[in-house]
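Coordinates in review
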2 protein chains.
Amino acid sequence: MIELAIGIDIGGTNTDIGLVNPDGKVLQRKGLKTQEYDDPKLYVRDIAEAIRDLLLENDVKTIAGVGIGAPNAHFDTGCIGADTANLRMKKEIPICEMLQRILNIPVTLSNDADAAALGEHIYGGAKLMQHFVTITLGTGVGSGIFVDGRLIHGHGCMAGELGHAIVNPLSDRLCSCGRKGCLEMYASARGICQTYREEAAKGEFPDTFKGAELTCKDVGEMAVAGDPLALKAYDTTAYWLAIGMANAASFCSPEAFFLMGGPTRAGEALLQPLRRYFAENLLYIYKDKISILLSQLQANDAALLGAAALIHLK
Amino acid sequence: MIELAIGIDIGGTNTDIGLVNPDGKVLQRKGLKTQEYDDPKLYVRDIAEAIRDLLLENDVKTIAGVGIGAPNAHFDTGCIGADTANLRMKKEIPICEMLQRILNIPVTLSNDADAAALGEHIYGGAKLMQHFVTITLGTGVGSGIFVDGRLIHGHGCMAGELGHAIVNPLSDRLCSCGRKGCLEMYASARGICQTYREEAAKGEFPDTFKGAELTCKDVGEMAVAGDPLALKAYDTTAYWLAIGMANAASFCSPEAFFLMGGPTRAGEALLQPLRRYFAENLLYIYKDKISILLSQLQANDAALLGAAALIHLK
């Protein structure tokens, strides 16, 4: 009998917890606000409670286990490392051990972006691909790199930090990692908002935003509605993302990039300039050989599904 | 019985042909000037002649075969692709088939930088490493990427083009690939000469070079001798190379980088600023975990030895 599993996607803003069936369908989900927690004990307690609720509400007696995708995750030790950018909990979190002690079922951990790549490969658009890169745009920018039919891990399982490739060495945008000019400072939700504000300050296009505090969702919705300033912000975002992707291509020669995360909801406002800048900046040997696609999993479920799949692969 | 093999390292400037024993010792070598050839037939004929001479002069009756490392090589088809940067022969060269027809022994082909990585792994400083990157500085800048115990190939065997990662998007240095700001435009022999001339034009340090035409070897020798302008040129070279390496690290989390090729003969004039800039620009999670080493094979033989090893792996 193939069992149900719990997949957890830990992001800087939200923690998504889903009950997943073997076909990759999320039967039900719960959410926590990651940023509300500075105590790992309370955080893990609330995750365990959400899992219990999911099982009770769906009348599930047994599951294969819990798979977690998280930033700065060490799948060999089951810990989220210390000083993780975008998390308020700054000490190392032995999340597998903590959750296992409460629930008494197997728990596995993987880098969130690696889990996303695995989800895309097992359930999504990369099913038949041997070489692809997933890029998750969100609070940060994560990536999973699949080459020659395998996810690459690297020394200490720390490969795939494309968000911290320096795309603009002359930038003055300070990243949460302490350096300047990282891709994350342009292609994350925060980066897109900053680009919008910088473009607004230039005064070339009128700033029509009327809310109290600008979010990336606002910029995306304005771009979709055709607002020139928001479109310009997405155009600049696309330029730096294209540089990062062209560089990634010359590293691993993928068949496709899969984009996921909130900022991709802007759709063609992002994809159209992205495809143009990518073509302009791509090394000629890869010309017309690399697709840029959106994650083909519902509602950006790749990380959650990949995390759930982990438990079956263990 | 383990047999001798021929290893060939095809560079933009020189073609090195060596008779290699199973311990990775180059027993004898011959050289051709790659740039003198625009006709593949003549080029392959002269390679075959050099091989015959090597076998005759060493009284060798049988060899395992010939392994070739070349730029823009397709190991699945045995061809050097069309329009290879740094080669005057611009049509596709079915070099394996051509050479095999003349010599009647097995011939295999691999990307030159991949061959170098393999050589470093089998005979050199990366013997015990599961994760490393080799960077060959020469007419161009090549790289071989070894992750999780394997060389990565990517779609169409075109992974590992680190020399064409854009490290400075705002640069006006036009690369042979048609784009601007590639690592190759800073860390290749040509790039280093250009940096020297640009620094000379600033007039900050006196230009003491007296020869007719500046070569990278000149800049290297002047740097080793302590010439301030040459040291400044190597400092700038180190900066851009460090950005490229820091970005590569966030991609694949290596244990070490191995540098090889002519410009590395400047030794500490390159390595000292390189280590400093690399540490400054490296994502904190890799801090103190990645070594920068010179190729530990004699006289930069990595590509030649790796190419020879190919024939045994086939």
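Refer to the structure above for everything that follows.
Predicted, not measured: the structure shown is a model, and the values here were computed from it.

1. Some thoughts on the overall build of chain A
Each helix and strand in chain A was counted, giving 9 helices and 12 strands. Computed over the C-alpha atoms, the radius of gyration of chain A is 19 Å, within 12% of the 20 Å expected from 2.2 N^0.38 for a compact globule of 314 residues. In terms of overall dimensions, chain A has C-alpha extents of about 60 × 45 × 35 Å along its principal axes. Every one of the 314 residues in chain A was classed for burial, and the buried ones make up 62%.

2. Brief notes about the interface of chain A and chain B
Every contact between the two is made by 46 residues of chain A and, on the other side, 46 residues of chain B. Both sides together, the interface formed by chain A and chain B hides about 3,900 Å², and carbon and sulfur atoms give 61% of it. Broken down residue by residue, the surface that chain A buries against chain B is led by A:His155, A:Met158 and A:Phe251, which jointly contribute 19%. For the interface between chain A and chain B, the tally reads 0 salt bridges. Connecting chain A to chain B are 22 residue pairs in polar contact (both at pLDDT 80 or more). Broken down by secondary-structure element, the contributors of at least two residues to the side of chain A that touches chain B are strand E9 (141–147), strand E10 (150–151), helix H7 (228–252) and helix H8 (268–281) of chain A.

3. Regarding the sheet that holds strand E4 (residues 66–70) of chain A
All names here are of chain A. Strand order across the open sheet formed by 5 strands is E3-E2-E1-E4-E7, with mixed pairing between neighbours. One side of each edge strand has no neighbouring strand; the edge strands of this open sheet are strand E3 (26–33) and strand E7 (107–111). Taking each pair of neighbouring strands and ignoring which way they run, the sheet shows an average axis angle of 20°. As paired elements, strand E2 (residues 14–20) and E3 share 7 bridges and run antiparallel to each other. When the bridges of E3 are listed, Asn14 appears paired with Lys33. Of the strands in this sheet, strand E1 (5–10), E2, E3 and E4 touch helix H1 (residues 40–57), which is tilted by about 155° from E3.

4. Let's talk about helix H5 (residues 189–202) of chain B
Residues and elements named next belong to chain B. For H5, with 14 residues, the first-to-last C-alpha span of 20 Å sits near the 20 Å given by 1.5 Å per residue. Contact partners of the buried residues in H5: helix H4 (184–187), helix H6 (216–224) and helix H7 (228–252). Of the residues one or two after H5, Gly203 is the one with positive phi, at around 75°.

About the cut-offs
Residues numbered from 1 in each chain as written. Chains lettered and ligands numbered in written order. Predicted model: local features only at pLDDT ≥ 70, side-chain atom pairs only at ≥ 80, totals over all residues. Heavy atoms only, no water. Helix = DSSP H or I, 4+ residues; strand = E, 2+ residues; numbered from the N terminus. Rg over C-alpha atoms; globule rule 2.2 N^0.38 Å. Buried < 20%, exposed > 50% of the residue type's maximum accessible area, 1.4 Å probe, protein only. Contact = heavy atoms within 4.5 Å. Buried area = accessible area lost by both parts, 1.4 Å probe. Salt bridge = Lys/Arg side-chain N within 4 Å of Asp/Glu carboxyl O. Polar contact = N/O pair within 3.5 Å; in protein donor to acceptor, adjacent residues only side chain to side chain. Pairing = 2+ DSSP bridges. Axes fitted to C-alpha atoms, helices over the stretch in contact; angles between N-to-C directions. Expected span 1.5 Å × (residues − 1).

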